[in-house]
Amino acid sequence: MPNIPYSERPLFLPGPRTLNWLIPLGMGAVGWALYMRYLVVEPALVGLACEAGLESAACYGRAAVLALSLWNVFGAVALVVALIQLVAPGLATFAVGMVFSAFALVFHNEIAGALAAMMLILSFARPGPATA
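Values in this document were obtained by computation on a predicted structure and should not be read as measured data.

The next point concerns the confidence of the model for the protein chain. With 93% of its residues at a pLDDT of 70 or more, the protein chain has an overall mean of 91. Averaged pLDDT values for the elements of the protein chain fall to 95 in helix H2 (residues 44–51) and rise to 97 in helix H5 (residues 91–106).

Structural data, given as structure tokens:
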């Protein structure tokens, strides 16, 4: 690692090629979460079929999403990863935090998801990793 003073490091700012991957990743996360919530988790007909013993990928996904939402796992993961991103910005942590923040916002964990999204936005004001 080069010895670059902290104040002289460039800010964490993903480039255009990186954004070409981050934007579809974020849109895909929101789209999948909306699909699961409004077409698999909330409809009563799907819930009755799954509880009656239907074995399908939708029922397994529904059970997983309900279990994770019940324990606020999406929000907790989003907060932890966003805090790591705020302390030591990096592309992988930003991507994971963005995805779990989207899941938390859609699956009724708005406070943790919004706080994580705010910390991810604040991470743009932090110096990025030292490069040569």
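Back to the write-up after that little detour.
In this fold, Arg37 is placed in helix H1 (residues 16–41). There is a polar contact of 3.0 Å between the side chain of Arg37 and the side chain of Glu42. At 2.9 Å, the side chain of Arg37 forms a polar contact with the backbone oxygen of Val106.

Of all hydrophobic cores here, the largest spans 13 residues; its most connected members are Ala29, Ala33, Met36, Val65, Phe74, Phe103 and Phe107. Taken together, the elements giving at least two residues each to this core come down to H1 and H5. In this view, Ala33 contacts Phe103, Val106 and Phe107; residues no more than four positions away in its chain are not counted. Counting nine residues, the second largest nonpolar core, distinct from the first, contains Phe12, Ala78, Ala82 and Leu120.

Scanning the entire structure with this criterion turns up one salt bridge. Where Glu42 meets Arg37, a salt bridge forms, and the shortest distance between an N and an O atom there is 3.0 Å. You can call Glu42 partly exposed: its relative accessible area is 43%.

So, about the state of the cysteines. In the structure shown here, the tally under the stated rule is one disulfide. Each sulfur in the disulfide pair Cys50 and Cys59 lies 2.0 Å from the other. In this structure the cystine formed by Cys50 and Cys59 twists about its S-S bond by roughly -85 degrees; its chirality is therefore left-handed. Comparing Cys50 with Cys59, the two get one shared label, buried.

The next thing to look at is the packing of H1 against H5. Where H1 meets H5, the closest approach of the two axes is 9 Å, and the angle between their N-to-C directions is 25 degrees. The angle between H1 and H5 falls in the class roughly parallel. The chirality of how H1 crosses H5 is right-handed. The residues of H5 that touch H1, namely those facing Thr18, Leu22, Leu25, Gly26, Ala29, Val30, Trp32, Ala33, Leu34 and Arg37, are Leu91, Phe94, Ala95, Met98, Val99, Ala102, Phe103 and Val106. The class makeup of the residues in the contact of H1 with H5 is 15 nonpolar, two polar and one charged.

Calculation notes
- Residues numbered from 1 in each chain as written.
- Predicted model: local features only at pLDDT ≥ 70, side-chain atom pairs only at ≥ 80, totals over all residues.
- Heavy atoms only, no water.
- pLDDT = per-residue confidence, 0-100.
- Helix = DSSP H or I, 4+ residues; strand = E, 2+ residues; numbered from the N terminus.
- Polar contact = N/O pair within 3.5 Å; in protein donor to acceptor, adjacent residues only side chain to side chain.
- Core = buried A, V, L, I, M, F, W, Y, C linked by side-chain atoms within 4.5 Å.
- Buried < 20%, exposed > 50% of the residue type's maximum accessible area, 1.4 Å probe, protein only.
- Contact = heavy atoms within 4.5 Å.
- Salt bridge = Lys/Arg side-chain N within 4 Å of Asp/Glu carboxyl O.
- Disulfide = S-S within 2.5 Å.
- Axes fitted to C-alpha atoms, helices over the stretch in contact; angles between N-to-C directions.
- Parallel < 35°, antiparallel > 145°, perpendicular 65-115°, else oblique.
- Left-handed = near helix turned anticlockwise from the far one by under 90°.
- Nonpolar A, V, L, I, M, F, W, Y, C, P; charged D, E, K, R; others polar.

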